[in-house]
Amino acid sequence: MRYIPQPLKIATTFCMVMTLSACSIFDSEDEVVLEPKPLVDFEETINIEEVWSKQIGDGVDGHRYVKLVPAIDGGKLFVCDIEGEVYSLNSDSGKENWSIELDEKVMGGVAAGYEKVFIGTQAGELVALSQADGSELWRVQLSSEILAPAATDGSVVVVHTKDDKLIALDINNGEQVWIYEGSQPILSLQGTSTPLIVSGAVFSGFADGEVKAFVADRGFQIWKQKVAIPKGRNELERMVDIDGPLLLSENKLYAVSFQGNAVAIDPRSGSLLWQQEASSYGGLTQGFGNLYMSGTNGHITALDQETGGTQWTQTELEYRKVTPPAAHSNYIAVGDYEGYVHFLSQLDGQFAGRIKVDGDGIQVAPQSDGVLLFVYGRGGELAALKVGLKEED
């Protein structure tokens, strides 16, 4: 049986949701219990200092699959809890600039840019706030729940909704500019890809395993590319969702799908440059000429950016429900279900350090501003970490 530690969504008239855990079953004959690997001992080579920490409301309040990713913009950190408490913090000190309550459950994290903050709610509303004081600028009702952060280029705000629609709104007033309706499979993972806007084009991954490009201001489709082709005897085996954010680096667009591939795409033509078999719910990060991803089995893998060839694989976090990776300094950081943050060398994937941040676990990727690493736990603990080499005795 395949390891699927997050709920599925079924595309029916009522959009029913079926939840599977790491040891879920369809019948007793198929039962598989996947035990997380115990933590291994290693010699730490870095110091990890907690510079500051702050409790952010209720965190995700026990909701196992909510991905409330913080946003960093201009020395400010924007973060919210599941009940709609939104905070603006100084990223260096953790000092609160302002906080507000939306009175709406928030499921998909925060986006920030162009002096605005964008919050997507469980009820399907996109709310725009002023970065200066948190005042509400506008609010618009969309077609369904928002499970991923929006994206903006200063002209439009693009949102990928739970029903696989890509919707562009005017950044000034929230009026709809265009909409694209994806072809949602019968069964898909509970999540959507965060759109990416670059040089007048919008890129997004979809539940059918395709990446598509659109003209940002008008919505015309430029191209589409298959990242994964559904295979298998049933709908579960045929899921190939792209739920993680896309990555654009050195004129290549990178994406990874569930039960499919990691790929490099020419962002101008949509042509496939290389592909490597992979399975991941999260996106990719890059550094040292590599791409890094967390597999659905908890393995952390480095791929060569130019060829897609495997550089190294770290398997000691198997089935620990690790987050997508963040590149920080010379290291890769991932969180796990017990609340630990693990630091791995970008060179060879060996462990360099470990720190526990939130006993309720970590389920969103750490965020780096180049100096500090911000980790947001399920219980609402937000910590800013600083990494340095250990001094020899």
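Further up the page is the structure itself.
A quick note: this is a predicted structure, and the numbers were derived from the prediction, not measured.

Caption draft 1: Seen up close, the sheet that holds strand β3 (residues 46-55). One open sheet holds the four strands; their spatial order is β3-β35-β34-β33, and the pairing between them is antiparallel. Both outer strands of the open sheet, β3 and β33 (367-368), are each paired with one neighbouring strand and no more. Relative to strand β35 (residues 381-389), strand β34 (residues 373-376) runs antiparallel, the two sharing four bridges. Counterpart to Val-375 in the pairing with β35 is Ala-383.

Caption draft 2: The environment of Val-157, seen in detail. Within the secondary structure, Val-157 is located in strand β13 (residues 156-160). For Val-157, a relative accessible area of 0% gives the class buried. Separated by 29 residues in the primary sequence, Val-157 and Ala-128 place their C-alpha atoms 9.8 Å from one another. Ignoring any residue separated from it by four or fewer positions in sequence, one finds Val-157 in contact with Phe-118, Leu-126, Ala-150, Ala-151, Thr-152, Ile-167, Ala-168, Leu-169 and Ile-171.

Caption draft 3: Focus on the packing of aromatic side chains. For the coordinates displayed, the defined rule picks out 11 aromatic pairs. Here Phe-203 and Trp-223 contribute two aromatic rings whose centre-to-centre distance is 6.0 Å and whose plane-to-plane angle is 40 degrees, an arrangement assigned as tilted. One end of the pair, Phe-203, is in strand β18 (residues 201-205); the other, Trp-223, is in strand β20 (residues 221-226), with 20 residues separating them in the sequence. Note on Phe-203: relative accessible area 3%, which makes it buried. Classification of Trp-223 as buried rests on a relative accessible area of 6%. What links up through ring pairs into an aromatic cluster is the set Trp-178, Tyr-180, Phe-206 and Phe-214.

Caption draft 4: Up close: the pairing of strand β22 (residues 252-256). Burial analysis of β22 places five of its five residues in the buried class, which makes it a mostly covered element. For strand β21 (residues 247-249) and β22, the ladder comprises three bridges, and the chain directions are antiparallel. Following the sheet pairing, Leu-247 is matched in β22 by Tyr-254. The turn linking β21 back onto β22 is made up of two residues, and Glu-250 within it adopts a positive phi angle of 50 degrees. Strand direction decides the pairing type here: β22 and strand β23 (residues 260-265), joined by four bridges, are antiparallel. Counted as the bridge partner of Val-256 is Ala-262 from β23. The antiparallel hairpin formed by β22 and β23 contains three residues in its connecting segment, where Gln-259 sits at a positive phi of about 55 degrees.

Rules used throughout
- Residues numbered from 1 in each chain as written.
- Predicted model: local features only at pLDDT ≥ 70, side-chain atom pairs only at ≥ 80, totals over all residues.
- Heavy atoms only, no water.
- Pairing = 2+ DSSP bridges.
- Helix = DSSP H or I, 4+ residues; strand = E, 2+ residues; numbered from the N terminus.
- Buried < 20%, exposed > 50% of the residue type's maximum accessible area, 1.4 Å probe, protein only.
- Contact = heavy atoms within 4.5 Å.
- Phe/Tyr/Trp six-rings, centres within 6.5 Å; stacked < 30°, edge-to-face > 60°.

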